[in-house]
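Observations on chain architecture
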Amino acid sequence: MKFGVLQFPGSCDDADALTAARLVGDAELLWHRDRDLRGCEAIIVPGGFSYGDYLRAGAIARFSPVMESVIEFAHEGGLVLGICNGFQVLCEAQLLPGALLGNANRRFTFRQVRLELVNADTPFTRACAGRDHLSIPAKHASGRYYADERTLERLEAEGQVVLRYARGENFNGSLRDIAGVCSERGNVFGLMPHPEHAVDELLGGSSDGLCILRSMREALEGALA
Amino acid sequence: MPDTAALVSEATPSVKDALALGLTAPEYELICELHGRAPNVLELAMYSLMWSEHCAYKHSRKLLRTLPTEGEHVVVGPGENAGAVDVGGGLACAFKVESHNHPSAVEPFQGAATGVGGILRDIFALGARPIAVLDSLRFGEPSSARTRYLLDGAVSGIAHYGNSIGVPTVGGEVYFEEPYEHNCLINVMALGLAPAERLVSSAAAGAGNALVLFGASTGRDGIGGASVLASAELGEEEGDGAGKRPTVQVGDPFEEKKLLECSLELLARELLLSLQDLGAAGLTSSTSEMASKGGVGIDLDISAVPLREADMEPFEIMVSESQERMLCVVAPENVEEVLECCEKWEVGGAVIGSVTGGSLIRVRRDGDLLGELPVRALVDECPLYDLEPAPPSAPLYAPARATLAGSCTPREALLALLASPNLCSRRPLFERYDAIVQGRTLRRPEAADAAVLRLPDGGALAASIDCNGRRVAADPYTGTVAAVLECAANLACAGAQPLGTTNNLNFGNPEKAHIAWQLTEAVRGLGDACRALYAPIVGGNVSLYNEGAGGPIYPTPVIGMVGRLPDARRAGRLGFARAGDRIALVGPFAPSLAASELSKLRGEPLPDRLPSIDLEAVIAAQAAVREGVRTGTLASAHDVAEGGLAVALAECCLAGAIGAEVELEGGEEELFGEGAGGFIVSGAADALDQLALRVRVRPLGTVGGEAFTVSTADGRTLLSAGLAELSGAHATLAALFA
Amino acid sequence: MLIRPKAGILDPQGVAVERALPALGFDGVSRVHIGRLVELDVPDAAQLAPMCEKLLANPLVEDYEIELLPDPGTGDDAAPAAGSSSA
C-alpha cells in the first residue's frame, strides 16, 4: 500500500512522517501545488509550520491545490491522518470538527505524553487494541482543542473522541483532555501528538506510534479483501 | 584609482564622518591611501563596516592564528562559512558557534532568533542540511527583573526560530552571574550534515559568471550606526529617521525554511559554483569576501536588488542586514533554472551582478558608477593590532552576593546547590524547544551529558557546548583548558571521540591590558587543550567589547565540540538505571573549593588561580570512560562538574528516578569541590572491574532506594535527602517562569 | 478588519496582559482580549465579508468587524460598515 505525505512550504515533520510510513508500506511526498494524489491509498498531513503558521495555523495550507484533492478523497471515504499542524489543517478545512487554539500556558511545549486510547475501533487504532495507553511525544504551541458543548457531547456519544491526554498530561488546556478526534464516518483522524516520532524505541523509548500506521494498512487490506 | 567622487552628488565625507562611523583617524588615512583618494559616502560606509572589529577581527586575528586548525578528520577548516569534520559513511558534519550578544541586550527575542537564523545560514551556505542547534546563554542573577525578561525573550526567540524552521534544539547551557547583568551573552551553535563532496566554497570564480541574490527582499534592517551618513533631508527629521532605520532585525523562520530547501536543491542539482550567506554588513561583506577568496572582482547593479522599501540610498542597500538572504555565483547558462527553482520555493531571486577578472568591487545603479573599491583594501589590508596584555593589578570582579551561611550541614549545602540558578533543572527552558524533529535525536536534554544524534551508518554524533566563565575569570589559562576538557568529558560520557572544536570568544574591551591578558591566556589554554585532545579548531567567532560602566563580563570562551560514536545503540546515559548497580568515581579527580559553586553561594571572592590540571591523566580517564560506555556494560556515566561529587551523584539519582547509598570520607572539599577528570559511573560489579584495568576506579556505593544517602566508613550519615526533596530543590527555575 | 476571539473562549494572552497591567500601575482593567488587525485595499467592499468568513477569521472561534476607511486616492468618505459573524 502507498501512503502520500503532503508537503507545504514550512512543513517540518514531513520527512519524519515519510520515514515512519515506510516502515509500514510505500510512501511518497505530495507537493502542495500538485492536485495529483498519485494513487496513494492513504494521506498523511504532517506536522510543522506550514506557511509559518501565519494568520492561523493551517489556515493557508487548507486552500492549496493538493488539499482540494484530499478533501474530495476524504468525502469519498479515503483514509486521512492529520498530525499536529496536519490536525490544524483538517479542522480549518472542516474535515474534522472543532479548532485548535493557542496552548493555555501560552508556550510551545515539548513533552512525551501518555495518551488514553478511548476508541480502539477505528481504522487508525484497531492495531492498537489490547493497549489502553500510548506513549507519544507532543510538541506544539497551538494544541488546545476546542468545540462548543453540543459538538463535544456529540463527539463523545458517537465515539469520535479517539485519544485523550491521561490525567496530568494535558498541558495545552484541550477541552475534555481531547488529544485526537475522528470524523463522523471515521475515515479522517487528527491528533496533536506525533506518532511518527514514536516508531523506534532507540529514539525516546517508545514505538507506540507504529500501531496507528499499521491500523491504516490493515484497514486498507481489509477493505480490499 | 578612477575618480568616482564626481559621480556622486553628496559631499565627500571627512575624517569626522569616519570617526562617527567607528574608524580611527590613522585608519581613515590608511583607507585614503589604499583607495587612492578620499572615499565617497558609499565607499566610506563599506570600509567602515569591513574594517570594524566585528568583520575584521582587528584585535584578535593575530592571536587566533596560534590555534591548531589541522587534523585527520578536518574537511573544512577556519575561513569558510563554517568548519566541517569527516564523520564516516561519506558524510561530513559542518558546525560552528556564533554570538548575537549586543542585539539581544536590546531586543532579546529578535536578537536570539536572528542569531539562530544567522548560524543556520552559515551551515547551509556550506552545503550542509542543519540538523541541530545548541544554545549557550548568560545573564545576570535571576533576582533581577531584567534578567528574567532577557532569559524569557531569548529562549522564546530561539524556540520560535528553531522550531519553526524544523531544526531541533538538542542541548545547551545557561549561567547566571552578576558580571553579565548589563552584557548578556547569547551564543548559538549549529550542526549540519552533507555528503563530503557536496560541501561548497564561498569563493567567487569565473569572470562573466552571474551573481544571484535570493531570499527575502532588502530593507533597512540593522543599518544603525551607518545612519550618520544619511542624506540631509532624512537626517534632519530625527524622529522619522530613527523610525525608518530599525536597528532591530526581525527574523522570519518561514522565509529561511524556504531559503534552506531552495539552497539545498540548487546544490543537489549542481547549479551553483559558490554560495555565501548575508550576515553582518550585508551585501558589502558577502561580495567582498567572495571576491577576496576567489581572487576576482565583482560588478554590482544595486537597481536589481529587490527592495522592501522604495527610496533606499545606495549605502543603505549595501549595508542592510535584512535577514534570510543568500548570494551565489552561477554560470550564465544556469541562471534561468536557478530563478525557476527560487520561484518553486517561493523565494525572491534576482541577478544583481557578475564576477569580473579584475580586483575591484564596483557598485552601479541604473548604469551610473557609484563606487569602486579595491577588494584587497576592503578585506585584507585592514590593520591588525597587537594586544598589550598585562595581568590585572587588582581583582576585576566583586564577589557574588552570599545566599548561603558560612557554616551549614552537607545536606543544606547540597539542597542549596541543587536549587541554585546555575545548577537547577533547565527543564522549563528546554521544554520550549522541539528536540526531536528530523528524527535523529537519541538523547534528549537531561538524558546524557551530551546531545546524541543518529547517523545513517549506524553510528552517532555527539555534541556539547560548555564554559564556566567564573572559573576562567579566576584563571584564564586553566579555566579555558577546563572548559575544553569539560566538552570532551561530556562527549566521553556519551561514548564519543572528539573530532573538532569551535569556539566563541566573549570578552570585554581588548584595548585594556587586563582584558588583553584574559584573551591571550584563554587562547593559549584553548590551543594547548585542543592540541592535547587532537580536536582542532575548525571555525569560530569573536565578540569583544562586552563591558559597560559596571565593568567587563567574565572572560567567556564558549567551547563547542563534536564527536562520533560507532554504535548508536550504545550511546551513554547519565541517570542511574537499576537497583543493585555499583557506583564508582573514576579518574584523577582532585577536588578544590576554589571558584566552586559552593564558594560562590557563600559570597567568597575569586581565588587568584585554579589548581593546575594533569592534562594527560584527565585525557586518559576520558578515553577509559568512553571505551567503557562503548562496551555497553556501564549503565550510566556522568562527568563531575559544577557542585562537585555530591551534586553529580544527586543528578544521577534524579535522572534515573532512583536513590543511592554511597560512602565517602566527608569534608566539604570532597563533597562539593570541583576540578577536571572526575566521572561517576554505574554498572554491574564486573563492568567496573573491567574499567579498573584501565583507570583509577574508586568504589563509592550502590544504586537503590528512594533517597540519596552519603555516609562515612564508620556508619555516620553525612547527608540524606529523599528523591522528592531533591526534585523539589532542583525545580527552582519553574517558579521563576510561572 | 478586527478579528477577536469569541466571547466565552479562553484567551490566555488576554488573561496574561490583564494580570500584567496592575503591576505597572494600571488598576481596574478588565475584559482584556487580544485579536488581530488586517488592513487591505480592495476594489469591491462586498468582498470583505466573504474574505473574513473564508480565510481571515475562523468563524467557529472568532468574531470579526469590518471598517471601511476613506479612499486615500479620491478623498471620498465611504460610510463605515461593520459586520460580524453570528455566534
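So, here's what we can say about the structure. (Residues numbered from 1 in each chain as written. Chains lettered and ligands numbered in written order. Predicted model: local features only at pLDDT ≥ 70, side-chain atom pairs only at ≥ 80, totals over all residues.)

Before going further, it helps to spend a moment on the overall build of chain A. A tally of helices and strands in chain A yields five helices and 11 strands. In summary, chain A has a C-alpha radius of gyration of 16 Å against a globular reference of 17 Å for 225 residues, a match within 12%. The C-alpha extent of chain A, read off along each of the three principal axes, is 40 × 40 × 40 Å. Across the 225 residues in chain A, those meeting the buried criterion constitute 62%. (Helix = DSSP H or I, 4+ residues; strand = E, 2+ residues; numbered from the N terminus. Rg over C-alpha atoms; globule rule 2.2 N^0.38 Å. Buried ≥ 20, exposed ≤ 12 C-beta atoms within 10 Å, placed from the backbone.)

Looking now at the sheet that holds strand β15 (residues 451–454) of chain B. Residue and element names in this part refer to chain B. A sheet is described by the order of its strands in space; here six strands give the open sequence β14-β15-β16-β21-β17-β18, paired in mixed fashion. The open sheet has two edge strands, β14 (441–443) and β18 (537–543), and neither has a second partner. Within this sheet the neighbouring strands show an average axis-to-axis angle of 20 degrees, counted without direction. Here four bridges tie β15 to strand β16 (residues 460–466), and the two strands are oriented antiparallel to one another. Residue Leu-453 lies in a different strand from β16, and its bridge partner there is Leu-461. Across the face of the sheet, helix α19 (residues 476–494) comes into contact with β14, β15, β16, β17 (497–506) and β21 (556–565) while running at roughly 25 degrees to β21. (Pairing = 2+ DSSP bridges. Axes fitted to C-alpha atoms, helices over the stretch in contact; angles between N-to-C directions. Contact = placed C-beta atoms within 7 Å.)

Moving on: the packing of α19 of chain B against helix α22 (residues 615–631) of chain B. Residues and elements named next belong to chain B. Two elements in contact, α19 and α22, have axes separated by 8 Å at closest approach and are oriented at 20 degrees. Taken together, α19 and α22 sit at an angle that is classed as roughly parallel. Relative to α22, α19 is oriented so that their crossing is left-handed. In this structure, α19 uses Leu-485, Ala-488, Ala-489, Ala-492 and Cys-493 to contact α22, whose residues at the interface are Val-618, Gln-622, Val-625, Arg-626 and Val-629. (Parallel < 35°, antiparallel > 145°, perpendicular 65-115°, else oblique. Left-handed = near helix turned anticlockwise from the far one by under 90°.)

With two pairs of chains in contact, the largest contact count belongs to chains A and B. Spatially, chain B and chain C are disjoint, and the shortest separation between their C-alpha atoms is 11 Å.

A word on the interface of chain A and chain C. On the side of chain C, nine residues touch chain A, which itself brings 10 residues to the contact. Tallied by class, residues from the side of chain A that touches chain C come to five nonpolar, two polar and three charged. (Nonpolar A, V, L, I, M, F, W, Y, C, P; charged D, E, K, R; others polar.)

The next thing to look at is the sheet that holds strand β3 (residues 42–45) of chain A. Residue and element names in this part refer to chain A. Spatially, the nine strands line up as an open sheet ordered β2-β1-β3-β4-β11-β10-β9-β6-β7, and their pairing is mixed. Only two strands of the sheet have a single partner each, and these edge strands are β2 (26–31) and β7 (133–140). Taking the axes of each pair of neighbouring strands and ignoring which way they run, one obtains an average angle of 25 degrees across the sheet. Where β3 meets strand β4 (residues 79–83), four bridges bridge the pair, whose relative direction is parallel.

This part is about the interface of chain A and chain B. Taken together, the contacts link 22 residues of chain A with 22 residues of chain B. Those elements giving two or more residues to the side of chain A that touches chain B turn out to be α1 (14–21), β6 (109–117) and β7 of chain A. Its residues placed into classes, the side of chain A that touches chain B shows 10 nonpolar, seven polar and five charged.

Residues and elements named next belong to chain B. Checked against the element boundaries, Ala-577 lands in the loop between β21 and β22 (582–586). Among the residues examined, Ala-577 registers 17 C-beta atoms within 10 Å and is labelled partly exposed. Expressed as a C-alpha distance, the spacing of Ala-577 and Lys-62, which sit 515 residues apart in the sequence, is 49 Å. Not counting the four nearest positions on each side in its chain, Ala-577 is found in contact with Ala-635, Ser-636, Gly-656 and Ser-682.

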